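A look at the structure
Next come the chains, spelled out residue by residue.
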Amino acid sequence: MKRLRRPCRKSGRAAPTTVSRRRVLAAALVATPLAGADEPRSEAITLGIGTYGMQSLPPAAAIDLVADTGFDSIEIAALADWPTAPERLSAATRHDLGARLAGRGLVVSALMEHLPPAADDTVHRGQLERLARAAALARDLAPDTVPLVQTILGGGRWDDVRGLFAERLAAWRDLAAREGFRIALKPHRFGALSTPALARQLLAALGDPPCLGIVFDESHLVFREIDLVEALATARPCLFHVAVKDTEQRDGTVAFALPGATGTPDHAALLRRLVAAGYAGDVCCEVSSQISKHPGYDPAAAARQCHRAIAAACAAAGIGRRR
């Protein structure tokens, strides 16, 4: 695999030709959007939306939709079938998209991948390549930030797959530390890694590296007899990213909905807890594939609904936004 190096910024002294592991880890720590116990707490977040629900749009059109709707940030879907998959974007296109993002004032909060750790060695090596390519795309689109790639880990029984997860994520950890980017694991209600507590167990088994963290998404925790306050407290020391959407119970099953559609979970309450915990990062609206695959789905209408609901939650919680 070709090694990717983040270019050094110019300063008053000569830039080093290599980046040490220590400096990479320090950069990752600085990038984590949490305030320490003795640090001043921010009372502002960025509000964003992902392009996961915009698969039908060309990348430039998705960027314009996000900016025109009023969001502060954008999460780029890097999945293989999306128009923003790294392998589909030439150097010239990346340059143009990066300029468009900067011109529209959008922060690139994360890249979304889907990489269930694989037992097959060939598939595993391919996943390492995808992680490296996603990080490279993030650098091209937003060169002044430390790249963040988020993913779920797939299905199975936790006790059956935890060993495989630890083995494969050790390689992910080493790649991220070496190449200077971060990976956030998303507990998913239908996955083997389904709670922040299990995510913390996995991270502890890997030595709690600063380049690995957690995505917190309450839609995967409600209707499960999980204490949401305790769950956030568990995730907090490793919290890299926050996703929001609604959830509902229908005919004995759980389904996802657009933010504000069902009133569950309580997004204003989550925002208050996040700020009280010192979080000063991104809150990203997610449009589930359960919604985007419906006939007649309109990504622009979905984006407006997401913005309306979470902007109102910010106002209700008294939370400002960093623009």
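Right, let's walk through the structure included here. None of these values were measured; they are calculated from a predicted model. (Residues numbered from 1 in each chain as written. Predicted model: local features only at pLDDT ≥ 70, side-chain atom pairs only at ≥ 80, totals over all residues. Heavy atoms only, no water.)

1. Remarks on unusual backbone geometry
In most cases, non-glycine residues show a negative phi, while peptide bonds are predominantly trans. Filter applied, for reference: Each helix is a run of H or I in the DSSP string that is no shorter than four residues. Each strand is a run of E no shorter than two, and both are numbered from the N terminus. A simple rule labels every residue: compare its accessible area, found with a 1.4 Å probe on the protein chains alone, to the largest value its type can have, and call it buried under 20%, exposed over 50%, or partly exposed in between.
Backbone torsion omega between T264 and P265 reads 0°, so that peptide bond is classified as cis. Looking at the element boundaries, P265 is found in the loop between β9 (253–257) and α8 (267–276). The phi angle at E225 is positive, at roughly 55°, despite the residue not being glycine. As for its position among the elements, E225 is in the loop between β6 (212–217) and α7 (228–235). Of the residues examined, E225 reaches a relative accessible area of 85% and is grouped as exposed.

2. Digging into the pairing of strand β5 (residues 182–185)
Short version of the rule: When DSSP finds two or more bridges between a pair of strands, those strands are recorded as paired. For a crossover, the right-handed case is the one in which the path from the first strand over the helix to the second runs clockwise, viewed with the strands pointing away from the viewer.
In β5, alternate side chains face the same way, and those of R182 and A184 on one face and I183 and L185 on the other are all buried. As paired elements, strand β4 (residues 148–151) and β5 share four bridges and run parallel to each other. Residue pairing across strands places T151 opposite L185, the latter belonging to β5. Handedness of the β4-helix α5 (residues 158–179)-β5 crossover: right-handed. Pairing analysis gives three bridges linking β5 to β6, with the strands arranged parallel. Directly across from I183, in β6, lies its bridge partner L212. Viewed along the sheet, the connection from β5 through helix α6 (residues 196–205) into β6 turns out right-handed.

3. Regarding the pattern of salt bridges
Let me state the cut-off plainly: Each reported salt bridge corresponds to a side-chain nitrogen of Lys or Arg within 4 Å of a carboxyl oxygen of Asp or Glu.
Counting across every chain of the model gives 19 salt bridges. Residue D64 pairs with R104 through a salt bridge whose shortest N-O separation is 3.1 Å. With D64 in helix α2 (residues 59–69) and R104 in the loop between α3 (91–103) and β3 (107–112), the pair connects residues that are 40 residues apart, well separated along the chain. In this structure R104 comes out as partly exposed when scored by relative accessible area, which is 35%. Two residues, D72 and R321, come together in a salt bridge whose shortest N-O distance is 3.0 Å. Of this pair, D72 sits in the loop between α2 and β2 (73–77) while R321 sits in strand β11 (residues 320–321), and the two are 249 residues apart along the sequence. Neither residue differs from the other here; D72 and R321 are each classed as buried. Sharing partners across several salt bridges, the network here consists of D64, D68, R100 and R104.

4. Quick notes on the pairing of strand β8 (residues 246–250)
Remark: a regular strand shows side chains that alternate across the two faces of the sheet. Where β8 and β9 come together, five bridges link them in antiparallel fashion. Paired with T247 across the bridge in β9 is F256. Counted between consecutive antiparallel strands, the loop separating β8 from β9 contains two residues, among which D251 sits at a positive phi close to 55°.

5. Regarding the packing of aromatic side chains
As a reminder of what qualifies: Ring pairs are drawn from Phe, Tyr and Trp, using the six-membered ring of Trp, whenever the two centres fall within 6.5 Å, and their geometry is named by plane angle: stacked under 30 degrees, edge-to-face over 60, tilted for the rest. By the criterion adopted, a ring carries a charge over it if an Arg CZ or a Lys NZ lies within 6 Å of its centre and within 35 degrees of its normal.
The full count for this structure, using the stated rule, is three aromatic pairs. On the numbers, 5.4 Å between centres and 10° between planes, the contact of Y52 with W82 is stacked. Taken together, the positions of Y52 in the loop between β1 (44–50) and α2 and W82 in the loop between β2 and α3 put the pair 30 residues apart, joining distant regions of the chain. No difference in accessibility class separates Y52 from W82, as the two residues are buried. Relative to F165, the ring of W158 has its centre 6.2 Å away and its plane inclined at 65°; by these criteria the two rings are edge-to-face. Assigned by exposure class, W158 and F165 land together as buried. Residue placement shows R182 over the ring face of F240; its charged tip is 4.7 Å from the ring centre.

As far as function goes, none of this settles anything; it's purely spatial.
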